[in-house]
Amino acid sequence: AAFTVMVLVLSSLLGRRASSAGGYFAAHGQVGWFVNGIAFAGDYLSAASFLGICGLIAFWGFDGFLYSIGYLAGWIVALLVIAEPIRRLGRFTFADALNARFGSKAVTLAAAISTLVVSLFYLVPQMVGAGALIKPLLGLPQWVGVGLVGVVVTVIVATAGMVSTTWVQFIKGGLLLALCAILVALILGRGFEVHAPGPAREAPARGVGSVAGLPAWAVPGATPDADGLVRTEGARTGALGPIEFLRVFSDSEVAAWRTTKTTGADGTAVSTAAPELIRGDLLLQPGNSPTFKGLRSGSVLDRVDFVSLMLALFLGTASLPHILIRYYTVKDVRSARLSTVVGIGAIGTFYVLTLYLGLGAMTGGMLDTSDSNMAAPLLARSFGSVLFALISSVAFFTVLGTVSGLVLAGSGAVARDLVTTVMGKTPDEREQVRIARIAALFLGAVAMALGLLFKNFNASFLVGWAFNVAASANLLALL
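Cut-offs applied
- Residues numbered from 1 in each chain as written.
- Predicted model: local features only at pLDDT ≥ 70, side-chain atom pairs only at ≥ 80, totals over all residues.
- Heavy atoms only, no water.
- Helix = DSSP H or I, 4+ residues; strand = E, 2+ residues; numbered from the N terminus.
- Contact = heavy atoms within 4.5 Å.
- Patch = residues over 30% accessible without salt bridge, like charges linked within 9 Å, V, L, I, M, F, W, Y side chains within 5 Å.
- Areas by Shrake-Rupley, 256 points an atom, 1.4 Å probe, with all protein chains shown as cover.
- Salt bridge = Lys/Arg side-chain N within 4 Å of Asp/Glu carboxyl O.
- Buried < 20%, exposed > 50% of the residue type's maximum accessible area, 1.4 Å probe, protein only.
- Axes fitted to C-alpha atoms, helices over the stretch in contact; angles between N-to-C directions.
- Parallel < 35°, antiparallel > 145°, perpendicular 65-115°, else oblique.
- Left-handed = near helix turned anticlockwise from the far one by under 90°.
- Core = buried A, V, L, I, M, F, W, Y, C linked by side-chain atoms within 4.5 Å.
- Expected span 1.5 Å × (residues − 1).
- Arc of directions from axis to C-beta.
- Polar contact = N/O pair within 3.5 Å; in protein donor to acceptor, adjacent residues only side chain to side chain.
- Phe/Tyr/Trp six-rings, centres within 6.5 Å; stacked < 30°, edge-to-face > 60°.
- Lys NZ or Arg CZ within 6 Å of the ring centre and 35° of its normal.
- Disulfide = S-S within 2.5 Å.
- Nonpolar A, V, L, I, M, F, W, Y, C, P; charged D, E, K, R; others polar.

Let's shift gears to the side chain of T93. Take T93: it is sitting in the loop between helix 5 (62-89) and helix 6 (94-102). The residues contacting T93, other than those within four sequence positions of it, are I325, Y328, G412, A413, R416 and D417.

Let us look at a nonpolar patch on the surface. Taken together, the side chains of I76, L80, V81, L476 and L479 define a hydrophobic patch exposed on the protein surface, amounting to about 520 Å² of accessible area. Among the elements that take part in the nonpolar patch, helix 5 stands out by supplying 3 residues, more than any other. Note on L476: relative accessible area 58%, which makes it exposed.

Another aspect to go through is the packing of helix 3 (residues 33-44) against helix 14 (residues 333-363). Helix 14 packs onto helix 3 with a crossing angle of 45° between their chain directions and a minimal axis gap of 7 Å. By the criterion of interaxial angle, the relationship of helix 3 to helix 14 is oblique. In terms of crossing hand, the pair formed by helix 3 and helix 14 is right-handed. Of the residues in helix 14, those in contact with W33, F34, N36, G37, I38, F40, A41 and Y44 of helix 3 are S335, L338, S339, T340, V342, G343, A346, I347 and Y351.

Under the criterion given, the structure shown has 7 salt bridges. The closest approach of N and O atoms between R326 and D43, which form a salt bridge, is 3.9 Å. Of the two residues, R326 is situated in the loop between helix 13 (321-324) and helix 14 and D43 in helix 3; the sequence distance between them amounts to 283 residues. The exposure class assigned to R326 is buried, which follows from its relative accessible area of 1%. The salt bridge involving E84 is made with R337; its shortest N-O contact spans 2.4 Å. Note that E84 is positioned in helix 5 and R337 in helix 14, a separation of 253 residues in sequence.

Counting residues in hydrophobic clusters, the biggest one holds 141 residues, and the most contacted among them are Y44, F50, Y71, W75, V149 and L357. At 17 residues, the largest contribution of residues to this core is made by helix 8 (residues 142-190).

With that settled, the discussion passes to helix 12 (residues 300-316). When the terminal C-alpha atoms of helix 12 are compared, their 23 Å separation across 17 residues agrees well with the 24 Å that a helix rising 1.5 Å per residue should span. Here helix 12 has its buried residues at D302, F306, L309, M310, A312, L313 and G316. Along the long axis of helix 12, the arc covered by the buried residues comes to 150°, so they all point the same way. Residues of helix 12 that are exposed and point over 90 degrees away from its buried face: V300, L301 and V304. Here helix 12 starts with a cap whose side-chain oxygen sits 3.4 Å from the backbone nitrogen of L301, and that cap is S299.

Once that is clear, we can look at the packing of aromatic side chains. Taken as a whole and judged by the stated rule, the model has 18 aromatic pairs. In this structure, R381 is placed above the aromatic ring of F388, and the distance from its NZ or CZ to the ring centre is 5.2 Å.

End to end, helix 14 covers 46 Å across 31 residues, agreeing with the expected 45 Å (1.5 Å per residue, within 8%). Summarising burial for helix 14: 23 of the 31 residues are buried, a large majority. The opening residue of helix 14 is D332, an N-cap whose side-chain oxygen sits 3.4 Å from the backbone nitrogen of R334. Immediately downstream of helix 14, the backbone of G365 shows phi near 70°, a positive value.

Our focus in this paragraph is the environment of T317. By secondary structure assignment, the location of T317 is in the loop between helix 12 and helix 13. Setting aside residues no more than four positions away along its own chain, T317 makes contact with Y44, G70, Y71, G74, W75, A312, I323 and F467. Within the local environment of T317, its side chain forms a polar contact with the side chain of Y44, the two groups lying 2.7 Å apart. A distance of 3.3 Å separates the side chain of T317 from the backbone oxygen of Y71, its partner in a polar contact.

A separate point is the environment of L177. Of note, L177 is situated in helix 8. Residue classification places L177 among the buried positions, given a relative accessible area of 17%. Considering only alpha carbons, one finds L177 and F350, 173 residues apart in sequence, at a separation of 6.1 Å. Aside from chain neighbours lying at most four places away, what touches L177 is A346, T349, F350 and L353.

Our next topic: the state of the cysteines. Tallied over the full model, the rule gives 0 disulfides. Cysteine C54 shares no disulfide, and the gap to the nearest cysteine sulfur, in C180, comes to 6.6 Å. Its relative accessible area of 1% is what places C54 among the buried residues. Owing to a relative accessible area of 0%, C180 belongs among the buried residues under this scheme.

So, about the side chain of D43. On the accessibility criterion, D43 (1% relative accessible area) is buried. Within the structure, the side chain of D43 is placed 3.2 Å from the side chain of Q169, a separation counted as a polar contact. Leaving out residues up to four positions away in the same chain, D43 has contacts with Q169, K172, H322, I323, R326, G401, T402 and G405.

Another aspect to go through is the packing of helix 16 (residues 385-422) against helix 17 (residues 429-453). Viewed as axis vectors pointing N to C, helix 16 and helix 17 meet at an angle of 130°, and their least axial separation amounts to 8 Å. When the axes of helix 16 and helix 17 are compared, the pair comes out oblique. Handedness of the helix 16/helix 17 crossing: right-handed. Within the contact between the two elements, helix 16 uses V407, G410, S411, V414, A415, R416, V419 and T420 and helix 17 uses Q432, I435, A436, A439, A440 and L443. Grouping the constituent residues of the contact of helix 16 with helix 17 by class yields 9 nonpolar, 4 polar and 1 charged.

From the geometry alone we can't say anything about function, so treat these as descriptive.
Pasting the structure below:
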């Protein structure tokens, strides 16, 4: 509640600065490069990064971290190829830069459609993450979280535009980095609970939505039986350094949860989760998850599929519309370049932390096998309710910041690209802002509907769709 109220108050205070097109779409180009760099991180580190990647690492090990590598590597393309030209050529939207070069309504129309498609694909996992958070935090149904984010974000964008969105993303980016660093420090301080082979102990029941309480470690040689894991009460390793943490993990056997889907007698789908002992060094290699099976299957088609996904992540980053419009909030090309460097530092730090968050969730005994997106918040809950509340609130704030940028990019595409350039209308600046605000209301409603429709998908998987389109279309046009 405190985070949400703070965002709405901020939006109200800054709203008066967004009456002109320059203020609404680009914050008058007066955002400092450091603030813009952290805002880059706040905009980019979405529910897919915080919730989705941590969940993928918690269930599949290094495969989830491959998403982090792909997401981060793309910023090098943004720094070396995109940052300065996009700032020099454009004013408010991604299509502005293309229109400055080609002066073509057809090109602008294609760019506007691409902006809307990418924004909607990216909005879906944010809404899914919001719904996933609201259930364990407040005990409310998923649609409440989706609706709350949709309403708050629509208010932010419709009232204050880029000015408010920038500061929301700056605060969110700083808080996310700080709290994740604290959580990783606690993970390293707790170490691991190590178990030796012993009498069989029944594994706890795993109903839908249940939270695991089963310790997640066994020393080499321990094997599971038909009833559960072979374990005795374990001893803790004590505090570990970052490198030592990975070494101990690699040298041990880990109880990783695997879900099996079957069809019941009545024809309904049944999901059963059970722990499976896997060597830690294997979990620190790629190829464990179905997404990256091509790395081990030997199939040419599977390998092409893997390369395609990594190229999409690598090349899509530098051409996401909600990222590109942030280059117009700084005053010159030098500031654009410096803010990109700050963004790379902040984003890179966060993605290193996700590896420890995911592995900590895997071994912390607090996974929900029915929802991989909840790995990080449930890990925080193992350290107490206060940290759980803070992490969940910042995760919710993460969704707010990213959705704000996406809705702003989409509304700009409608007001600037479609209405002004393609349709040839000549609205004054206040009318452009009014059109953008109406478009923001519409996009918010569509995002809420799609968030409910795709509620059972992993957030990082869904974001891949947006990156596919951005890499296949936007980047080539920009190059």
